[in-house]
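# Remarks on the overall topology
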Amino acid sequence: MGGLGLEEMGDLSALLAGPEAVVQGGGPLALEMALIDEDPHQPRTKDNPGFSDHSLEELAASIQLRGVKTPISVRENPDVDGRYIINHGARRFRGSQRAGLVTIPGFIDNDYNEADQVVENLQRNELTAREIADFIGRELAKGIKKGDIAKAISKSPAFISQHVTLLDLPEPLAQVFNTGRVRDVTVVNELMTAYKKTPQDVTAWLGDANQEITRGSVKLLREFLDVKSQAQPSPVPAAKTAAPAVLPPAMAPPAKSGKAAAAVDSLRNAVVHVLHNQRAARLMLERRPASKGLAWLKYNDDGQEIEASLKSVTLVALLEGQA
């Protein structure tokens, strides 16, 4: 029997590969779309911006015009013989479905796990903070230590700790994070630190729908709360005589130094909106109060100026760099 020619050998190679995978000149396989399943545990959720209808329609239009330029990665489905599960490339797969493709270029990589999926998407900046936090939560539930999770996805322990915070946010912070008012994980952690100290003030501040939540505004918030905390009068032992309510100029407290002084300087250029006796007001930072624990306020409705205890003041908003 005569030997096979090169053309026949090529046909045999394609036949042995099976109907689901056709070899393309030693490159990626042409995988049948109908035999590919998405990973139900993939880190990106349905709410990921990359999975929006608009984003996928744009991708489908590009695929119809130019095809799939980057092959996807799949692994063999251990439960269903002859089928595959996507390692990475879910967007390309969905875009190809919308574009009406029958096959898609891909590689088979059975040595793939969820951490690899996270790394792939982190490198592409395609995971939201919530999706990263959910992955870390699942790994922690398996008993994997934070340090090992950090190594697996090539991130610092601090990165892991910041995202762990997102797993158990108090309601006011969870609301602004889940609604997208704040997406910066560092900002959420700064808010969490402030909330633990003064939850009422932070809740009131977040309650203003017009309040912009940025690193700068949260920095001002924390500085204000630090100054307010340091201004609270210390309890006086019963055996000692209480200090007079109004201090003469010569007995005025010395100027603050260090961190407190820096906070005060930063606040001088800010407008601090507060509530006092259910009335909107602003702090008169340029006017010195009579004693520690007090502050001058100016009501918004009638312009009345009043000296009040900081304990009775609730922070509403901080506007940076305004007169």
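Relevant structure appears above.
Residues numbered from 1 in each chain as written. Predicted model: local features only at pLDDT ≥ 70, side-chain atom pairs only at ≥ 80, totals over all residues. Heavy atoms only, no water.

What follows is about the overall build of the chain. Counting secondary structure elements, the chain contains 12 helices and 11 strands. Counting all 323 residues of the chain, 40% fall into the buried class. Within the chain, counting contacts between residues at least 6 apart in sequence, those at least 24 apart form 62% of the total. Working note: accessible area of the chain is about 18,700 Å², and carbon and sulfur atoms make up 53% of it. (Helix = DSSP H or I, 4+ residues; strand = E, 2+ residues; numbered from the N terminus. Buried < 20%, exposed > 50% of the residue type's maximum accessible area, 1.4 Å probe, protein only. Contact = heavy atoms within 4.5 Å. Areas by Shrake-Rupley, 256 points an atom, 1.4 Å probe, with all protein chains shown as cover.)

Moving on to the environment of Asp 208. Mapping Asp 208 onto the fold places it in the loop between α10 (199–206) and α11 (215–231). C-alpha separation for the pair Asp 208 and Val 316, spaced 108 residues apart in sequence, amounts to 6.9 Å. Leaving out residues up to four positions away in the same chain, Asp 208 has contacts with Arg 181, Val 316 and Ala 317.

Successive residues of a regular strand alternate their side chains across the two faces of the sheet. Burial of strand β5 (residues 84–88) is extensive: 5 of the 5 residues sit out of reach of the surface. Sheet topology places strand β3 (residues 36–37) next to β5; 2 bridges connect them, and they run parallel. Paired with Ile 36 across the strands is Tyr 84, a residue of β5. Strand direction decides the pairing type here: strand β4 (residues 72–76) and β5, joined by 4 bridges, are antiparallel. Bridge pairing in β5 links Val 74 to Ile 86. (Pairing = 2+ DSSP bridges.)

For the rest of this paragraph, the subject is the nonpolar core. Counting residues in hydrophobic clusters, the biggest one holds 35 residues, and the most contacted among them are Leu 191, Val 202 and Ile 213. Going through the elements one at a time, α5 (129–141), α8 (171–178), α9 (185–197), α10, α11, β7 (271–276), β8 (279–283) and β9 (294–299) are the ones with two or more residues in this core. Residues in contact with Ile 213, not counting those within four places in the same chain, are Val 176, Arg 181, Val 182, Val 187, Leu 191, Trp 205, Leu 206 and Val 218. If you look at the next biggest cluster of nonpolar residues, it comprises 15 residues, including Ile 36, Leu 59, Ile 86 and Ile 104. (Core = buried A, V, L, I, M, F, W, Y, C linked by side-chain atoms within 4.5 Å.)

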